[in-house]
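Observations on chain architecture
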Amino acid sequence: MDIGIDKIGFYVPQNYIDIVELAKARDVDPDKFTIGIGQDKQAVPKPYQDAVTMAASSADSILTAEDKKDLGLLIVGTESSIDESKSTAAFLMDLLELPEDIRAFEIKQACFGATAGLQSAFDFVSLNPGKKALVIATDIARYGIKTPGEVTQGAGSVAMVISENPRILKLEHKSVYMTRNIGDFWRPTFSKTAFARGKFSNQVYVDFFQTLWQKYQAKFDVTANDFSTMLFHIPYTKMGTKALRTLEGKVSDEKYAELTDHYQASIKFSREVGNLYTGSLYLGLLSYLVNGARPNEELLLFSYGSGAVGELYSGQIQPGFDKAINKDKILNLLDNRQKMSIADYEKMYQVEYQNGTIVDPKTVQEKFYLSEIKENERLYKKLN
Ligand code: HMG
């Protein structure tokens, strides 16, 4: 039985900051941010948006009544969760009007959460023929104003329906993974912003990719020639480039040129959005599907979550995949955003809703929003 990604949806907040303007405000050469880091824009969420509202938006963009009826599993991968007890998935039951015979929960392991969800969804669909799973990656990546990580922030969500006879990407059940206890990036429960040993995190990421690529080749007796595309977790677009460069000189010039060319197609959206943490690899997949993919291509996907867990797995693009993606909707979402000044972004960054907040729906521009914090409980609403 073929199992994989049958639908993929995306949500990005409506505001962004321009990376050249950010560089100027921080007295940095803009080339460092646009070339050295490889970003153009950074998504900025509103204070009434969080991991829950963004997850609802990406899922809402793809789910039909038929999908909802067939769902048996809902997994949310996030590291920006808004509750230490209740899962982001539980909040979504009302917002998405899902039937209650669903196993819903949240997975946390830095940026690896959605991949853990995807692999669990594969197992679930294998064991429950006819059922579907919904996997959502949703995050706000934050390091703080004027930190080295500021240029690598971002926000958004990717939702995927996993089913039999997938129309987009067949998962091939070929995978290698590894875990090491590493202090490259962390966010204690008291902090809204992450702490990172930036350069060390880059080294660990590249080391994980190289180790897993060796393991993958040995386990499945393949070489780079068996793949036309490698997709990477993209905290910022230069990061995947660093991993890809480890293949230069080790594969033929033609293969390296092809992989580089396809990588460029996969980072188009990330350049415009920034780090989605759990969703970054899947935004890369979506960007590749919209900007470069061909039917029957063999893809290799590198998932990395600080702390650290890595997984390298393969999939095959399905014939007719483009008909299962609403390309216009995705491009409109990206193109119709509004630029925010750096001064306004800095002001909004400081806003944090406290207990007792009631959000006036007239000020809301998004379909799903945090409406109230009552008795320290976050309550959500949908604009009709
Ligand atoms: P930095 O110290 O400000 O930058 O921090 P830099 O000095 O290393 O410069 C960056 C690049 O710009 C360098 O290129 C410079 O040469 C170049 P590289 O050596 O990397 O190829 N550069 C220029 N290029 C053109 N023109 C110029 C110029 N000047 C310099 N004028 C850093 C950069 C990424 C470390 C920082 O932003 C940071 O700490 N970010 C957060 C951590 C991070 O994203 N790590 C990635 C790996 S870990 C991961 O992926 C997991 C994660 O997503 C979290 C999770 O799993 O949950 C982060």
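Everything that follows concerns the structure shown earlier in this document.
Residues numbered from 1 in each chain as written. Predicted model: local features only at pLDDT ≥ 70, side-chain atom pairs only at ≥ 80, totals over all residues. Heavy atoms only, no water.

Details of the layout of surface pockets
Roughly 1,400 Å³ of volume is contained in the largest pocket. As for the largest pocket, its lining consists of 47 residues, and the residues nearest its centre are S80, S81, I82, R187 and K192. At the level of secondary structure, the elements contributing two or more residues to the lining of the largest pocket comprise β9 (185-186), α13 (342-350) and β16 (377-382). A total of three residues in the lining of the largest pocket trace back to one element, the largest contributor, which is α13. Computed from the structure, the second largest pocket encloses a volume of approximately 810 Å³. If you go around the second largest pocket, you meet 37 residues; those closest to its centre are P148, G149, T152, G198 and Y236. Every element with two or more residues in the lining of the second largest pocket is listed here: α2 (30-37), β10 (195-196), α7 (198-220), α8 (237-245) and β12 (298-305). Counting residues per element, the lining of the second largest pocket draws most heavily on α7, which supplies five residues. Looking at the lining of the second largest pocket residue by residue, the class counts come to 18 nonpolar, 11 polar and eight charged. (1 Å grid on protein atoms, 1.4 Å probe; cavity = no way out; pocket = protein on both sides within 12 Å on 5 of 7 lines; lining within 4 Å. Points joined across faces, edges and corners; volume = space filled by probe spheres on them. Helix = DSSP H or I, 4+ residues; strand = E, 2+ residues; numbered from the N terminus. Nonpolar A, V, L, I, M, F, W, Y, C, P; charged D, E, K, R; others polar.)

Quick look at the packing of helix α3 (residues 51-60) against helix α5 (residues 88-95)
The geometry of α3 relative to α5 is characterised by a closest axis approach of 9 Å and an angle of 50° between their N-to-C directions. Classified by the interaxial angle, the pair formed by α3 and α5 is oblique. Taken as a pair, α3 and α5 cross one another with a handedness that is right-handed. Contacts between α3 and α5 involve A51, V52, A55 and A56 on the former and, on the latter, T88, F91, L92 and L95. In terms of residue class, the contact of α3 with α5 is built from seven nonpolar, one polar and no charged. (Axes fitted to C-alpha atoms, helices over the stretch in contact; angles between N-to-C directions. Parallel < 35°, antiparallel > 145°, perpendicular 65-115°, else oblique. Left-handed = near helix turned anticlockwise from the far one by under 90°. Contact = heavy atoms within 4.5 Å.)

Considering the sheet that holds strand β4 (residues 71-77)
What the nine strands build is an open sheet, ordered β5-β4-β6-β7-β1-β8-β13-β12-β11; its pairing is mixed. Two strands bound the open sheet, and with one partner strand each, they are β5 (103-107) and β11 (229-232). The average angle at which neighbouring strand axes cross in this sheet is 25°, direction not considered. As paired elements, strand β1 (residues 3-11) and strand β7 (residues 154-164) share eight bridges and run antiparallel to each other. Looking at the pairing, I8 lines up with M160 of β7. Each of β1, β6 (132-141) and β7 is contacted by α3, which is oriented at about 135° to β6, the strand it contacts most. Sheet strands touched by α5: β4, β5 and β6. Its angle to β4, the strand with the most contacts, is close to 125°. (Pairing = 2+ DSSP bridges.)

Side note on the site of the ligand
Around the ligand, the surrounding shell holds 28 residues, and the nearest of these are E79, C111, P148, K238 and K242. In this structure, an oxygen atom belonging to the ligand sits 2.4 Å away from a side-chain N or O atom of E79. Note that an oxygen atom of the ligand is positioned 2.7 Å from one of the side-chain N or O atoms of K238. Across the complex, the protein chains shield 76% of the 1,100 Å² of accessible surface that the ligand would expose by itself. With respect to the detected pockets, the ligand is housed in the second largest pocket. For the shell around the ligand, the secondary structure elements donating two or more residues are α2, α7, α8 and β12. Of the residues forming the shell around the ligand, the biggest block, five residues, is contributed by α7. For the shell around the ligand, a count of residues per class yields 11 nonpolar, 10 polar and seven charged. (Near = heavy atom within 4 Å. Polar contact = N/O pair within 3.5 Å; in protein donor to acceptor, adjacent residues only side chain to side chain. Areas by Shrake-Rupley, 256 points an atom, 1.4 Å probe, with all protein chains shown as cover. Sits in = over half its atoms within 2 Å of the grid points.)

Quick notes on the side chain of K132
Tracing the backbone through its elements, the reader meets K132 in strand β6. Residue classification places K132 among the buried residues on the basis of a relative accessible area of 13%. Of note is the side chain of K132, whose polar atom sits 3.0 Å from the side chain of D67. Not counting the four nearest positions on each side in its chain, K132 is found in contact with D67, D70, L71, G72, L73, F124, V125, V161, I162 and S163. (Buried < 20%, exposed > 50% of the residue type's maximum accessible area, 1.4 Å probe, protein only.)

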